[in-house]
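Structural overview for review
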Amino acid sequence: MNRSVVVGVDGSPPSLAAVRWAAEDAVRRRRGLRVVHVVDPWVFDQPLATPPGFRDSLSELSGNVLADAAREAAERAPALAVEAATLTGTVREQLLIAAKDAEALVVGSRGLGGFLGLVLGSVSMGVAGRAGCPVVVVRHTEPAAYGEIVVGHDASPESEAALEYAFEEAARRRAALRAVYAWQVDSMLPMFGAYGADLERVYEFGARAAQEQLSPWREKFPHVRVRDSVVQAHPIEALCRASTEADLLVVGSRGRGGLGSAVLGSVSHGVLHHAYSPVAVVCSRTVRPAEEGRDR
């Protein structure tokens, strides 16, 4: 199943929440859904310690996990094409391989832990920013529908990927888009200290940089309602606050750091821990800036 949405499962409530989210995402993208369960190979390499029938029981358990996930997907999207697969290997490596040609990789925020499941708390961190596609981390709670996508940007080329994904998601969902540009006084003032700049000038600088980055995306997606927000706060704080009323929070895998933003490597990790909505982490190498992609 080429260019499908891939979701990693382990039978835990967060992974089933990820299945529901992934099924809806696959429908919006008009793609199939691939559900994968990963079993670490060391389980099969213990002939002396493995009781009779253990491997068969493990295979049966994996089949049950996949069957439960497939049923969950069918309930959410009855017409969706679903493929299920048990993969053998380390969880992070197998998910990264599965995501190589995927539209998106979806995981739960936490898992069962142990060798029978995905330790999703660490797995989500391990695949976010490393996969060849956007990685979406979904919490156990059923997300509310607010009709708004939130995206963090910092006027850097690295955040163009997050903007493209966010604008496309808003267009698919017919949702509004809130673009958050967060800055801190202690990171901005050193650049202007020699010129005696006050906070108002710093704010104007940030607002101008945010507008300049959003301008080509507004032109490319004229039907998306955009609400830009320039705030004086740490990016993690600002984005997590915005996520309380968002269907999805989108961040880049890394940023430029310094001016106007913490490094998005740390920001993405911070929001994965503290955001209230599902979080999409988009790697900068997967898309191009709007001005380079208008003919696509």
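**Digging into the overall build of the protein**
In terms of regular secondary structure, the protein is built from nine helices and 10 strands. The buried share among the 296 residues of the protein stands at 52%. For the protein, long-range pairs separated by at least 24 residues make up 81% of all intrachain contacts whose partners lie at least 6 apart in sequence. Surface summary for the protein: the accessible area is close to 13,600 Å², and the carbon and sulfur share equals 51%.

**Regarding the pairing of strand β7 (residues 176–183)**
Most of β7 is tucked away: eight of the eight residues are buried. As defined by bridge partners, strand β6 (residues 148–152) adjoins β7 across five bridges and the pair is classed as parallel. The residue bridging Gly 152 from the neighbouring strand is Val 180, located in β7. Bridge count for β7 against strand β8 (residues 226–232) is seven bridges, and the pairing is parallel. Bridged to Arg 178 within β8 is Arg 227.

**Considering the packing of aromatic side chains**
With the rule as written, the count across this model stands at three aromatic pairs. Both rings, one in Trp 217 and one in Phe 221, keep their centres 6.4 Å apart while their planes meet at 25°; by these two values the pair is stacked. With a relative accessible area of 0%, Trp 217 lands in the buried category. Overall, the relative accessible area of 14% leaves Phe 221 in the buried class. Here the basic side chain of Arg 28 rests over the ring of Trp 21, its NZ or CZ set 5.8 Å away from the ring centre.

**Structural notes on the confidence of the model for the protein**
Looking at the protein as a whole, its pLDDT mean stands at 81, while 76% of the residues score no less than 70. When the criterion is pLDDT under 50, residues 113–120 qualifies, and its contacts beyond four places in sequence or with other chains add up to 26 contacts. Here residues 256–264 is a poorly scored stretch, pLDDT under 50, and it has 29 contacts once near neighbours within four places are set aside; other chains count.

**Remarks on the environment of Gly 152**
Within the secondary structure, Gly 152 sits in strand β6. Overall, Gly 152 belongs to the buried group, its relative accessible area being 5%. It is 9.7 Å that separates the C-alpha atoms of Gly 152 and Ser 268, two residues lying 116 residues apart in sequence. When residues no more than four places from it in sequence are discounted, the contact partners of Gly 152 are Ala 162, Val 180, Leu 239 and Val 250.

**Description of the side chain of Glu 169**
Tracing the backbone shows Glu 169 in helix α5 (residues 160–173). A polar contact is formed between the side chain of Glu 169 and the side chain of Arg 172, at a distance of 2.9 Å. Aside from chain neighbours lying at most four places away, what touches Glu 169 is Asp 25, Arg 28, Arg 29 and Leu 248.

**Some details on the packing of α5 against helix α7 (residues 199–220)**
In contact at an axis separation of 11 Å, α5 and α7 are set at 30° when each is read in the N-to-C sense. By the angle between their directions, the pair α5 and α7 is classed as roughly parallel. For the crossing formed where α5 meets α7, the hand is right-handed. Touching Glu 160, Leu 163, Glu 164 and Phe 167 of α5 are Gln 213, Leu 214, Trp 217, Arg 218 and Lys 220, all from α7. For the contact of α5 with α7, a count of residues per class yields four nonpolar, one polar and four charged.

**Details of unusual backbone geometry**
Unlike most non-glycine residues, Arg 30 shows phi in positive territory, near 60°. Within the element layout of this structure, Arg 30 appears in the loop between α1 (13–29) and β2 (33–39). For Arg 30, a relative accessible area of 80% corresponds to the exposed category. The backbone of Ala 155 sits at a positive phi, close to 70°, despite the residue not being glycine. Within the secondary structure, Ala 155 is located in the loop between β6 and α5. Using a relative accessible area of 25% as the deciding quantity, one classes Ala 155 as partly exposed.

Rules used in this analysis
Residues numbered from 1 in each chain as written. Predicted model: local features only at pLDDT ≥ 70, side-chain atom pairs only at ≥ 80, totals over all residues. Heavy atoms only, no water. Helix = DSSP H or I, 4+ residues; strand = E, 2+ residues; numbered from the N terminus. Buried < 20%, exposed > 50% of the residue type's maximum accessible area, 1.4 Å probe, protein only. Contact = heavy atoms within 4.5 Å. Areas by Shrake-Rupley, 256 points an atom, 1.4 Å probe, with all protein chains shown as cover. Pairing = 2+ DSSP bridges. Phe/Tyr/Trp six-rings, centres within 6.5 Å; stacked < 30°, edge-to-face > 60°. Lys NZ or Arg CZ within 6 Å of the ring centre and 35° of its normal. pLDDT = per-residue confidence, 0-100. Polar contact = N/O pair within 3.5 Å; in protein donor to acceptor, adjacent residues only side chain to side chain. Axes fitted to C-alpha atoms, helices over the stretch in contact; angles between N-to-C directions. Parallel < 35°, antiparallel > 145°, perpendicular 65-115°, else oblique. Left-handed = near helix turned anticlockwise from the far one by under 90°. Nonpolar A, V, L, I, M, F, W, Y, C, P; charged D, E, K, R; others polar.

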